[in-house]
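Structural characterization, general
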Amino acid sequence: MVHVTPELATVAKVGGLADVVFGLSRELAIRGNHVEIVLPKYASMRYDQIYDLHEVHRDLWVPWYDGAIHCSVYFGFVHDRKCFFIEPHSGDDFFDRPAIYGYPDDVLRYAFFSRAAIEFLWQSGKHPDVIHCHDWQTALLPVYLYEFYQRLGMTHPRVCLTIHNFAHQGVVGGELLRATGLQHPERFHHHDRLGDPRYPGMLNLLKGGIVYSNFVTTVSPRYAFETKDQGQGFGLEGVLHAHQIKYGGVVNGIDYDLWNPEIDHHIPARYGVETIEAKYDDKRALRQRLMLADNEKAIVAFIGRLDPQKGLELVRHAIFYTLERGAQFVLLGSSPDPAINADFWGLKRMLNDSPDCHLEIGFDEELAHLIYAGADMMLVPSRFEPCGLTQMIALRYGTIPVVRAVGGLADTVFDKDHAARPLHERNGYVFNDYDHAGLESALGRAIACYHDYPGDFRALMHNAMRTDYSWNRPGQDYLNIYDYIRNG
Ligand SMILES: Nc1ncnc2c1ncn2[C@@H]1O[C@H](COP(=O)(O)OP(=O)(O)O[C@H]2O[C@H](CO)[C@@H](O)[C@H](O)[C@H]2O)[C@@H](O)[C@H]1O
């Protein structure tokens, strides 16, 4: 099977999608499947993480507008995963740019990448039984498959599309049809195909992916329900209803080779459930690194893209509330939006003199590991959250998640005091309402428990570390889906 993806940890990561492809591909390989990954050859990749990179296909010509763009394909290993990197040579410099996203032609860049990926599979004689696509960036691939390549004899592959976030759909004008050679505007603009449900006259790549794929997943059952039935589909609710027979939610896993305090080389002290004391050495190291006071206080952390999705007003409120409640706060995050970054820089300056608070604005994988290990609580107050990886990584590090009950957060974190679950399955703090009182109701209980009932807090840490969110179960779920579409 082949994964076609815009991101892959640890070489080209913007968010959680990169971790998912990294973890899932390994799980599938461990289970005896032949797995390959196709992604763009970004200039901004971490080339130090790619082993044995070499050119394997010199002359890949990919149809584009009235001609074709010349591409080369490279092969290399990313932590044992077999990866093909596509490099176009044209004045557009599609991937030869400083960042992965954030350009006015993003939709066309990925429409091109999807075409290049399937053209590569076709020309190199690969006939994977399953092509697994991710998000709007690769959602056009099944459209190309069924509109062009099936006719050429590529009848074998079936396509599974995983949607990591409905907020981004790849909406574009009729230019797309001229660029891609998808003729007949009336056919593709039709509401049964790519016609955008919200913006008349526009085309929607993600919608096309839903219509044309053999199976569509999103990253938790709760988010599958919210997007289809609770108005969270950003306009695609109707399409999901029309295709509900091939739509479902699979909770992501975490790659425990990468995220595991017992073997993590980014942290100074390694620990497991039985040696949890060593976590406090990491806490000290974190304080030292961020120049925080070394005291009895709890550390509350936030790690994530600084996107409105993540509940930024509540993050802001949580910083002040945490300090007021006598705890420390650490934030690691960044945004492609300069206004949001400026906002957090302002906050950072305002809190500069506090010995109990540090805001790190930027992307720093190594620091993220130290925060997961050194913090006591991980805050995830999202407006919506398809799955969420930070709470699952935190659990593995015995760092107690404090989350809002939406999407995958509701499927993975169970409240210490209120969950309808046996005590040993409760692993964090949960709140419902998106407001200050909601946030305080959970964060306040977490901080109080840390200070007043350390024994209970320790028991919660044990529960957290014992929760199994490996790829084992989701890996099997995806194999079942692949079997289902192969035989369909
Ligand atoms: N500044 C920074 N420095 C270092 N590391 C950082 C960082 N900011 C974020 N990260 C890391 O990036 C990952 C983010 O995971 P999320 O689940 O929050 O993903 P995201 O919202 O991007 O993705 C979408 O896809 C994923 C995967 O399906 C879903 O879980 C999620 O709900 C959905 O919104 C984590 O590994 C986190 O540690």
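Residues numbered from 1 in each chain as written. Predicted model: local features only at pLDDT ≥ 70, side-chain atom pairs only at ≥ 80, totals over all residues. Heavy atoms only, no water.

1. Topic: the sheet that holds strand 10 (residues 215-218)
Whenever strands of a sheet pair, they do so through backbone hydrogen bonds, lying parallel or antiparallel. To keep it simple, the criterion reads: For two strands to pair, DSSP has to find at least two bridges joining them. Going along the chain from the N terminus, every DSSP run of H or I of four or more residues is numbered as a helix, and every run of E of two or more is numbered as a strand. Note on definitions: angles span 0 to 180 degrees between N-to-C directions of axes, and those axes are lines fitted to C-alpha atoms, for helices only across the stretch in contact.
With respect to topology, 9 strands assemble into an open sheet ordered 3-4-5-2-1-6-7-10-11, the strand pairing being mixed. A single partner strand is all that each edge strand has here, and the edge strands are strand 3 (50-64) and strand 11 (247-249). This sheet shows a mean twist of 25° between the axes of neighbouring strands, independent of strand direction. Sheet analysis places strand 1 (residues 2-4) next to strand 2 (residues 36-40), joined by 3 bridges and oriented parallel.

2. Here we look at the nonpolar core
Soluble globular proteins tend to pack their nonpolar side chains together in the buried interior. As a reminder of what qualifies: The nonpolar core is taken to be a set of buried Ala, Val, Leu, Ile, Met, Phe, Trp, Tyr and Cys residues, with the residues joined through side-chain atoms within 4.5 Å. When a residue's accessible area, from a 1.4 Å probe over protein chains only, is under 20% of the maximum for its type it is buried; when over 50% it is exposed; and in between it is partly exposed. The source of the domain bounds is an automatic or database domain assignment. Any two residues whose heavy atoms approach within 4.5 Å at even a single point are treated as in contact.
Grouped together as the largest cluster of nonpolar side chains are 164 residues, with contacts concentrated most on Ile-371 and Met-377. Of the residues forming this core, the biggest block, 11 residues, is contributed by helix 2 (residues 106-123). Each of domain 1 (2-253 + 472-486) and domain 2 (273-466) gives at least three residues to this core. Among residues more than four places away in sequence, those in contact with Ile-371 are Leu-286, Ala-301, Ile-303, Val-330, Leu-332 and Met-378. Counting 15 residues, the second largest nonpolar core, distinct from the first, contains Leu-24, Val-35, Tyr-478 and Leu-479.

3. Overview of the site of the ligand
Under the convention used in this document: Near residues are defined by distance, with any heavy atom within 4 Å of the molecule or strand qualifying the residue. The term polar contact refers here to a pair of N or O atoms within 3.5 Å; inside protein, the definition further demands a hydrogen-donor-capable atom paired with an acceptor-capable atom, and it admits residues adjacent in sequence only when both atoms are side-chain atoms. Using a 1.4 Å probe, accessible areas were evaluated by the Shrake-Rupley method; residue-level cover was limited to the displayed protein chains. The classification used treats Ala, Val, Leu, Ile, Met, Phe, Trp, Tyr, Cys and Pro as nonpolar, Asp, Glu, Lys and Arg as charged, and all other residues, Gly among them, as polar.
Taken together, 29 residues sit near the ligand, with His-164, Lys-310, Glu-385, Gly-388 and Leu-389 positioned nearest. One of the backbone nitrogen or oxygen atoms of Gly-16 is found 3.0 Å away from an oxygen atom of the ligand. In the environment of the ligand, an oxygen atom lies 2.5 Å from a nitrogen or oxygen atom belonging to the side chain of Glu-385. When the ligand is considered free in solution it has 720 Å² of accessible area, and contact with the protein chains removes 97% of it. Elements supplying a minimum of two residues to the shell around the ligand: helix 1 (16-30), strand 12 (299-305), strand 13 (328-334), helix 12 (365-374) and helix 13 (390-396). If one sorts the elements of the shell around the ligand by residue count, helix 1 sits on top with 4 residues. Class assignment of the residues belonging to the shell around the ligand gives a composition of 12 nonpolar, 11 polar and 6 charged.

4. Side note on the domain arrangement of the protein
Selection rule: By salt bridge we mean one thing: a side-chain nitrogen of Lys or Arg within 4 Å of a carboxyl oxygen of Asp or Glu.
Assigned domains of the protein: these are domain 1 (2-253 + 472-486) and domain 2 (273-466). Each of domain 1 and domain 2 was reduced to a C-alpha centroid, and the two centroids are 32 Å apart. Of the residues lining the interface, 20 residues belong to domain 1; the matching set on domain 2 comes to 18 residues. Run the count over domain 1 and domain 2 and you get 1 salt bridge. A salt bridge links Glu-365 to Lys-13; the nearest nitrogen and oxygen atoms lie 3.8 Å apart. At the surface where domain 1 touches domain 2, the tally comes to 5 residue pairs in polar contact (both at pLDDT 80 or more). Here the side of domain 1 that touches domain 2 is composed, by residue class, of 7 nonpolar, 8 polar and 5 charged.

5. Overview of the UniProt feature "domain: Glycosyl transferase family" (unreviewed entry) in the protein
The test is simple: UniProt positions are given in the numbering used here, feature names are shortened, and annotations may be inferred rather than shown by experiment.
According to UniProt, the positions carrying the feature "domain: Glycosyl transferase family" (unreviewed entry) are residues 293-447. The straight-line gap between the two end C-alpha atoms of residues 293-447 is 18 Å; of that span, 39% is helix and 20% is strand.

6. What about the environment of Ile-163?
Among the structural elements, Ile-163 can be located in strand 7 (residues 158-163). The class of Ile-163 is buried, set by a relative accessible area of 0%. Sequence separation of Ile-163 and His-134 is 29 residues, and the distance between their C-alpha atoms is 6.1 Å. If we ignore the near neighbours within four places in the chain, the residues touching Ile-163 are Asp-135, Leu-206, Ile-210, Val-216, Thr-217, Thr-218 and Val-219.

7. Observations concerning the packing of helix 2 against helix 3 (residues 141-149)
Where we set the bar: What sets the label is the angle itself: under 35 degrees gives roughly parallel, over 145 gives roughly antiparallel, 65 to 115 gives roughly perpendicular, and the rest give oblique. It is the rotation of the near helix from the far one that decides the hand of a crossing: anticlockwise by less than a right angle makes it left-handed, clockwise makes it right-handed.
One way to put it is that helix 2 packs onto helix 3 with a least axis distance of 9 Å and a crossing angle of 50°. Here helix 2 is positioned oblique relative to helix 3, judged by the angle of their axes. Helix 2 and helix 3 meet at a crossing whose hand is right-handed. Between helix 2 and helix 3, the residues in contact are Ala-111, Ser-114, Arg-115, Ala-117, Ile-118, Glu-119 and Trp-122 and Leu-141, Tyr-144, Leu-145, Phe-148 and Tyr-149, respectively. Grouping the amino acids of the contact of helix 2 with helix 3 by side-chain chemistry returns 9 nonpolar, 1 polar and 2 charged.

8. As for the packing of aromatic side chains
Applicable threshold: Put simply, two rings from Phe, Tyr or Trp (the six-membered ring, in Trp's case) pair if the centres are within 6.5 Å, and we call them stacked under 30 degrees between planes, edge-to-face over 60, tilted for the rest.
All chains considered together, the criterion is met by 24 aromatic pairs. Here Phe-166 and Tyr-223 contribute two aromatic rings whose centre-to-centre distance is 5.8 Å and whose plane-to-plane angle is 65°, an arrangement assigned as edge-to-face. On the criterion of sequence distance, the pair formed by Phe-166 in the loop between strand 7 and strand 8 (171-172) and Tyr-223 in helix 7 (residues 221-229) is long-range, its members being 57 residues apart. Grouping residues by exposure puts Phe-166 and Tyr-223 together as buried. Their ring planes at 90° and their centres at 5.9 Å tell us that Phe-215 and Tyr-484 sit as a pair that is edge-to-face. Linking Phe-215 in strand 10 with Tyr-484 in helix 17 (residues 472-486), this pair joins segments that are 269 residues apart in sequence. Taking the relative accessible area as the measure of exposure, Phe-215 reaches 10% and is therefore buried. Looking at Tyr-484, the relative accessible area reads 48%, which means it is partly exposed. Here the aromatic cluster, defined as three or more aromatic residues joined through ring pairs, consists of Tyr-42, Trp-64, Tyr-65, Phe-94, Phe-95, Tyr-101, Tyr-110, Phe-112, Phe-113 and Trp-136.

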